Amino acid sequence: MKRRDLIKKVGLAAGTIALNKPMAAMSAVNGHKKQKVLRIAHITDVHIRPEYNAVARFKKCLEMIRKDNVDLILNGGDSIYAADYSDIKKERVLELWSCWKDSVALVKDIPMYSVLGNHDMWWQGKGDELFGKPGVLKMLGLQNNYYSFDKNGWHFIMLDSNHPKTPGMLDDEQWNWFVQDVQSHQDKPTLIMSHYPLLSCTGITDNKPEAIGPFKVEGSYNHLDIMKFIEVFNHNKNIRICLSGHVHLLDKVWYNGVSYLCNGATSGFWWEPGDDGKSSYKQTEPGYSLLNLYNDGSFDDEYIKYETLIK
Ligand SMILES: [Fe+2]
């Protein structure tokens, strides 16, 4: 790093002392036995559709999740196959959401928290109740496109990565809400979920990088405002996990004490025959993740290749 960059960064850090607090969440449990407080299933990129027997296959996945005895399900977006393309009619949008509702009825007694994926929005029906983000919120039963909640001592922040002009970043209003929300929950270990990864290496591996670089990574692979997030995380050590999907590849990045888990798609290769003749996308099989969260802010996770296990 150049020296002038270092000075600039130190200056930035000094300007954000309001965010700097000790790890209250972790010290609160000092001297107490480590305990598991939550078990979570993370599904993402379900891309549910009537084709390829997808509904029956997704139901098998949900039945496995039910047997896993999870406390809640986090749904990382792209719940339906695709409503965003220009040739999509309302009948198709309704058909896709009907597949979704039919499937998730299986787990209706398990709380599910969702975020919006880029393929969920129908942009063709201006004026219709299913149009755009309000239409998706209605289908998923959400009040807002970003929100947070507490559960068993942990804090959860659900973000909307779908910036109207530059996908893969938060607009000013959401960003200001996010910083405020983090500041007011510094006593709890925190998990953030977004559709696009905040930080991931899949932008390199999913493309064909130039041999001599530099690598070009779009916001849909790696949030464009990641440096702003890192700045906030550096002053809020209670941020433990950033969950995402979108890429359909399984990737884990650990940086500055934060784990960035970009999980594989529940639909694998959009339910279609993938690279392996089954439904893998490149190296990643269809799956979901199980996470155990503990009262000291630690966690463990496992990617469940449910289709392989069922066969
Ligand atoms: Fe996506």
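Residues numbered from 1 in each chain as written. Predicted model: local features only at pLDDT ≥ 70, side-chain atom pairs only at ≥ 80, totals over all residues.

Within an unreviewed UniProt entry, the label attached to the chain reads 3',5'-cyclic AMP phosphodiesterase CpdA, and the organism entered is Mucilaginibacter gossypiicola.

(A) A look at the overall build of the chain. A count of helices and strands for the chain gives nine helices and 11 strands. Counting over 311 residues, the chain shows a buried share of 41%. A separation of at least 24 residues holds for 71% of the contacts in the chain among residues at least 6 apart in sequence. (Helix = DSSP H or I, 4+ residues; strand = E, 2+ residues; numbered from the N terminus. Buried ≥ 20, exposed ≤ 12 C-beta atoms within 10 Å, placed from the backbone. Contact = placed C-beta atoms within 7 Å.)

(B) Spatial organisation of the sheet that holds strand β1 (residues 36-43). On the basis of which strands lie adjacent, the open sheet formed by five strands has the order β3-β2-β1-β10-β11 and mixed pairing. Edge positions in the sheet fall to β3 (112-114) and β11 (299-304), since each has one partner strand and no second. Put simply, the sheet's adjacent strands are angled 20° from each other on average, direction ignored. Inspection of the sheet shows β1 paired to strand β2 (residues 72-75) by four bridges, in the parallel sense. Across the sheet, the residue bridging to I40 is L72, located in β2. (Pairing = 2+ DSSP bridges. Axes fitted to C-alpha atoms, helices over the stretch in contact; angles between N-to-C directions.)

(C) Local environment of the sheet that holds strand β9 (residues 258-262). With mixed pairing, the six strands of this open sheet are ordered in space as β4-β5-β6-β7-β9-β8. The sheet is open, and its two edges are formed by β4 (147-151) and β8 (251-255), each paired on a single side. Strand-to-strand, the axes of this sheet are offset by a mean angle of 15°, without reference to chain direction. Bridge analysis of β8 against β9 gives five bridges, and the strand direction is antiparallel. Within β9, the position partnered with K252 by the bridge is L261.

(D) Here's a closer look at the nonpolar core. Judged by nonpolar contacts, the single largest core of 68 residues is most densely connected at I48, L96, L159, M193 and C242. The dominant element in this core, judged by the number of residues it contributes, is helix α4 (residues 90-104), at six residues. Not counting residues up to four positions away in its chain, the partners in contact with L96 are I48, R49, I80, Y81 and A83. (Core = buried A, V, L, I, M, F, W, Y, C linked by C-beta atoms within 7 Å.)

(E) Broad picture of the packing of helix α3 (residues 54-67) against α4. Here α3 crosses α4 at 30°, and the two axes come no closer than 9 Å. When you trace α3 past α4, the crossing you get is right-handed. For the pair α3 and α4, contact is made by V55, F58, K59 and L62 and by C99, D102 and S103, respectively. (Left-handed = near helix turned anticlockwise from the far one by under 90°.)

(F) Seen up close, the pairing of strand β7 (residues 239-244). Taking burial as the measure, the six residues of β7 include six buried ones, the bulk of the element. Note: strand β6 (residues 190-193) against β7, four bridges, orientation parallel. Each residue of the ladder has a partner; that of L191, found in β7, is I241. As defined by bridge partners, β7 adjoins β9 across four bridges and the pair is classed as parallel. What sits directly across from C242, in β9, is Y260.

(G) Layout of the environment of M121. Checked against the element boundaries, M121 lands in the loop between β3 and α5 (132-140). The spatial distance from the C-alpha of M121 to the C-alpha of K133 is 5.8 Å, given a sequence separation of 12 residues. Ignoring sequence-local partners within four residues, the contact set of M121 consists of A83, D84, G132, K133 and V136.

(H) Geometry of helix α8 (residues 226-234). Every buried residue of α8 is listed here: I226, F229 and F233. The arc that holds every buried residue of α8, seen down its axis, measures 60°, which confines them to one face. Those residues of α8 that are buried are in contact with β7 and β9. (Arc of directions from axis to C-beta.)

(I) Molecular detail of α4. Look at α4: 21 Å from first C-alpha to last across 15 residues, which is about the 21 Å you get at 1.5 Å a residue. Of the positions making up α4, those classed as buried are V93, L96, W97, C99, W100, S103 and V104. Each buried residue of α4 lies within a common arc of 145° when the element is viewed along its axis, so the set occupies one face. Buried residues belonging to α4 abut α3, β3 and α5. (Expected span 1.5 Å × (residues − 1).)

(J) Local environment of the environment of S200. Mapped onto the elements, S200 comes out in the loop between β6 and α7 (202-205). The exposure class of S200 is buried, given the 26 C-beta atoms found within 10 Å. Beyond its immediate chain neighbours, meaning those up to four positions away, S200 contacts Y221, N222, S244, V247, D251, V253, Y260 and C262.

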